[in-house]
Amino acid sequence: MRDDLIRRVVIVGGGTAGWMAAAALGKLIGRMPGLSIELVESDAIGTVGVGEATIPHIVLFNRMVGIDEAAFVRETNATYKLGIEFVDWRRIGHRYVHPFGVYGIDMLGVEFHHFWLKARALGDTTPLDAYSIGIMAGLRGRFAHPRPDQPNSPLAKLGYAFQFDAGLYAAFLRRLAEGLGVRRTEGRIVDVQRDGASGHVTAVRLDSGVEIAGDLFIDCSGFQGLLIEKTMGASFRDWTHWLPCDRAVAVPCTLGGDQVPLTRSTARAAGWQWRIPLQHRIGNGYVYASAHLSDDEAAATLLANLDGAPLAEPRQLRFRAGHRDQAWIGNVVALGLAGGFLEPLESTSIHLIQSGIARLMALFPTRGFDALEIDRFNRDTAQDYVDIRDFLILHYKATERDDSAFWRRCRDLTPPEGLAEKLAMFAGNGRIFRRQEELFAEPSWLAVMNGQGIVPRGYHPVADLLSDAETLERLKHIAQVIDETADAMPLQDDILRQMGCTPPPLRQAS
Ligand SMILES: Cc1cc2nc3c(=O)[nH]c(=O)nc-3n(C[C@H](O)[C@H](O)[C@H](O)COP(=O)(O)OP(=O)(O)OC[C@H]3O[C@@H](n4cnc5c(N)ncnc54)[C@H](O)[C@@H]3O)c2cc1C
């Protein structure tokens, strides 16, 4: 056996990041002989507690750590999510959905949307939404699990995620991680000790005087970055000029309004409001730019736009868009908010934790801490942030709104180079290109570019290999199959009841 193995992993922080890391490490390497995994969290400091909407990759994470979906849904008061509905983003009064999964069926080796663009050119007015099972089912309050075993059904490529209570999710993961041998210590870290020669962190000291020593420290301490920034001095790449929202005010409310398996994002004068329906309550928040709106105005707008009665006092949160230039320095790896933050418009933060864990596992170090491997981790992590950043900026840049200084600023911003190229490629012949490992796949870019009102001038020439009549006929058939499949899916409410949840009656959207 190698003699330079990591023996003691210390996770600093018990929010979603800390407990996801603890559960994953416990599952994947917990049985390594002589390895201990310890998590430190402070009840007095608490967690940020607002990350409640996810993207489909979470299903893989849950599977990887051995979570039973029904138990998870019951115990975290989760609902299903088939996409995000964007209201008033393109212009006031307009709405569209960014669904998980695909649109239609690719034909002749060409993406479906080129045939849809051709049909539009022929005068067909069927909206793109009609070709997405996620949208058609989601808007009707319906849900079913994907059926990869039925390759001819629209359900084969349905994508889904969850909306859950963040506090219950952390508690759920804690039970799981502790069952896998992770040891938890409660207490506030008041001092960090380092090795004089290497600069590596050797131990953290709690207010109780207890010292916890480690070989590898995973910093999940939230925005402050207790180890990565305050101890190791990581710099922060600030993207406020591209993503000016820097605050949020959040409040849960009682159930009311539509209860569809979709997260909703409603654009407001200086940002946007989220609505995340859970089994027992709705999570709400207004993400805004403090340069354009006061905290009091934001809270008043949020409280005036709830579908139920508020269940708590509004909570203010401050942040900066961006990430640490180096998420891994020496023997400290930052995950979660300690590593960076991009506003929750596309529910990507929990995914960034997940991809950080996957990357850490792929490059799990020895006590030699190979500089090349650390550099690879940092470059790939930074690229993840860039990819998501560009997708978020798209929502703000491609808008017709000019009704406030905030929206005029967004419309007028100069997009980063990669995004500028993507916009120009789509506006030309509807081409969507992404790097191999980019998080958001072609259908996501299509959903938002089309939803925000970018209309390509042309389409892929191969689409003309189908005659006009056949193009229209095939599209009509696809939309019909999707419509019928969506109608035959159960209501989400029924699925939740079958899983043993006892939610208050969820109302079907009108
Ligand atoms: C407004 C807003 C909305 C969001 N919405 C979403 C969303 O819809 N979807 C999504 O994916 N993500 C969302 N996020 C992000 C999501 O909330 C976080 O990624 C997630 O909760 C992980 O947080 P964390 O564990 O990194 O930090 P935290 O939850 O802040 O946890 C930090 C932990 O470190 C501990 N700690 C800190 N200092 C010390 C100390 N000195 N001693 C001991 N312990 C310490 C704390 O006690 C706590 O346990 C949102 C974030 C914000 C701000």
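This structure is a prediction, so every number in the text was calculated from the model and none was measured.

What follows is about the side chain of Arg 359. Of note, Arg 359 is situated in helix H8 (residues 349-362). Not counting the four nearest positions on each side in its chain, Arg 359 is found in contact with Phe 377, Asp 380, Thr 381 and Asp 384.

Okay, the pattern of salt bridges next. The final tally for this structure, using the stated rule, is 34 salt bridges. Residue Arg 184 pairs with Asp 43 through a salt bridge whose shortest N-O separation is 3.2 Å. Of the two residues, Arg 184 sits in strand E7 (residues 183-186) while Asp 43 sits in the loop between strand E2 (36-41) and helix H2 (57-64), which places them 141 residues apart along the sequence. Classification of Arg 184 as partly exposed rests on a relative accessible area of 22%. The exposed category is assigned to Asp 43, whose relative accessible area is 52%.

Attention now moves to the nonpolar core. In terms of nonpolar packing, the biggest core is built from 150 residues, with Val 9, Leu 394 and Tyr 396 touching the most fellow members. For this core, the domains that each give at least three residues are domain 1 (8-78 + 164-240 + 321-386) and domain 2 (247-317). Every residue in contact with Leu 394, bar those within four places of it in the chain, is listed here: Leu 419, Leu 423, Trp 445, Val 448, Met 449 and Ile 454. The next biggest cluster of nonpolar side chains, apart from the first, holds 18 residues, and it includes Val 10, Val 40, Ile 329 and Val 332.

Thresholds applied
- Along each chain, residue indices are assigned from 1 in the same order as the chain's sequence is written.
- Local features are withheld for residues below a pLDDT of 70 in this predicted model, meaning they are given only at 70 or higher, and side-chain atom pairs are given and counted only at 80 or more; totals for whole chains, interfaces and linings count all residues.
- Just so you know, side-chain values use all the structure's heavy atoms and leave hydrogens and water out.
- Helix numbers and strand numbers start at the N terminus; a helix is a DSSP run of H or I with at least 4 residues, a strand a run of E with at least 2.
- Should any heavy atoms of two residues lie within 4.5 Å, those residues are considered in contact.
- Any Lys or Arg side-chain nitrogen located within 4 Å of an Asp or Glu carboxyl oxygen qualifies as a salt bridge.
- Working definition: with a 1.4 Å probe on protein chains only, accessible area under 20% of the residue-type maximum means buried, over 50% means exposed, and in between means partly exposed.
- By nonpolar core we mean a set of buried residues, namely Ala, Val, Leu, Ile, Met, Phe, Trp, Tyr and Cys, connected to one another through side-chain atoms within 4.5 Å.
- Segmentation of the chain into domains, including their bounds, is taken from an automatic or database domain assignment.

Geometric descriptors of this kind do not, in isolation, establish any biological role.
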